[in-house]
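Each chain, letter by letter, is given below.
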Amino acid sequence: AFIRIEVLVKERSELEKWGWELMMEAFDQTKPVIKFNQCETYSEKEEQKGYRHMFAGTFSAIRNPRAHSTLPADTMDECLDHLCIASILLRKFDKAKEPEK
């Protein structure tokens, strides 16, 4: 699920980065490539920043440890929790505004 998120963000943003760095640049609250809102008011900028960190954080905390090391298998509950997080992010991404060209 997180690989799919990475591919979608990479394709839409057209950035040549991966993982945490990709998410931090694509969803930057000052100069976002992909916006979740207009990023004009304090509240909108905070929302952008929050989702930016959620997207980036999942790569540091969930995806990367499983992709770059041999961890014990997650429990069924952990897998379902991770899929729920991925689902939240994908729903938000689907509603995001296209990059300005």
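Predicted, not measured: the structure shown is a model, and the values here were computed from it.

Peer 1: What's the story with the pattern of salt bridges in this structure? I'm lost.
Peer 2: Pairs can form between side chains of opposite charge once their charged atoms are near each other. Here the structure, examined in full by the defined rule, presents four salt bridges. Salt-bridge contacts for K49 lead to E46; the nearest nitrogen and oxygen are separated by 3.1 Å. Placement of both K49 and E46 in helix α3 (residues 42-67) is noted, with a separation of three residues, approximately one turn of the helix. Among the residues examined, K49 registers a relative accessible area of 27% and is labelled partly exposed.

Peer 1: Looking at this structure, I do not really get the packing of aromatic side chains. What am I missing?
Peer 2: What characterises a pair of aromatic rings is the spacing of the ring centres plus the angle enclosed by the ring planes. This model, assessed by the stated rule, comprises five aromatic pairs. Judged by centre distance (6.3 Å) and plane angle (85°), the rings of F2 and F59 are edge-to-face. In this pair, F2 sits in helix α1 (residues 2-13) while F59 sits in helix α3, placing the two residues 57 residues apart along the sequence. Here the aromatic rings of F36 and Y51 are separated by 5.4 Å at their centres, their planes lie at 50°, and the arrangement is tilted.

Peer 1: Help me understand the nonpolar core, please; the structure alone is not making it clear to me.
Peer 2: Nonpolar side chains in soluble globular proteins tend to end up buried together. Grouped together as the largest cluster of nonpolar side chains are 21 residues, with contacts concentrated most on I5, V9, M23, F27 and F55. Elements supplying a minimum of two residues to this core: α1, α2 (19-26), α3 and α4 (76-95). In terms of residues, this core owes the most to one element, α3, which gives five residues. Not counting chain neighbours up to four residues away, the residues in contact with F55 comprise I5, M23, F27, F36, L89 and F93.

Peer 1: How do you make sense of unusual backbone geometry when you look at a structure like this?
Peer 2: If a residue is not glycine, its phi is most likely negative; likewise, a peptide bond is most likely trans. Although it is not a glycine, E14 sits at a positive phi angle of roughly 60°. Of note in the backbone geometry, C39 takes a positive phi value of approximately 55° without being a glycine. By the element assignment, C39 lies in the loop between α2 and α3. Assessed through its relative accessible area of 11%, C39 is described here as buried.

Peer 1: What should I look at first to understand α1 in this one?
Peer 2: Given 3.6 residues per turn, any residue in an α-helix points the same way as the ones three and four places further on. A rise of 1.5 Å per residue sets the reference length of α1, with its twelve residues, at 16 Å; its end C-alpha atoms lie 16 Å apart and thus fit the reference within 8%. For α1, the complete set of buried residues consists of F2, I5, E6, L8, V9, K10, R12 and S13. On the buried face of α1, the contacting elements are α2, α3 and α4. One or two residues past the end of α1 sits E14, with phi positive at roughly 60°.

About the criteria used
- Residues numbered from 1 in each chain as written.
- Predicted model: local features only at pLDDT ≥ 70, side-chain atom pairs only at ≥ 80, totals over all residues.
- Heavy atoms only, no water.
- Salt bridge = Lys/Arg side-chain N within 4 Å of Asp/Glu carboxyl O.
- Helix = DSSP H or I, 4+ residues; strand = E, 2+ residues; numbered from the N terminus.
- Buried < 20%, exposed > 50% of the residue type's maximum accessible area, 1.4 Å probe, protein only.
- Phe/Tyr/Trp six-rings, centres within 6.5 Å; stacked < 30°, edge-to-face > 60°.
- Core = buried A, V, L, I, M, F, W, Y, C linked by side-chain atoms within 4.5 Å.
- Contact = heavy atoms within 4.5 Å.
- Expected span 1.5 Å × (residues − 1).

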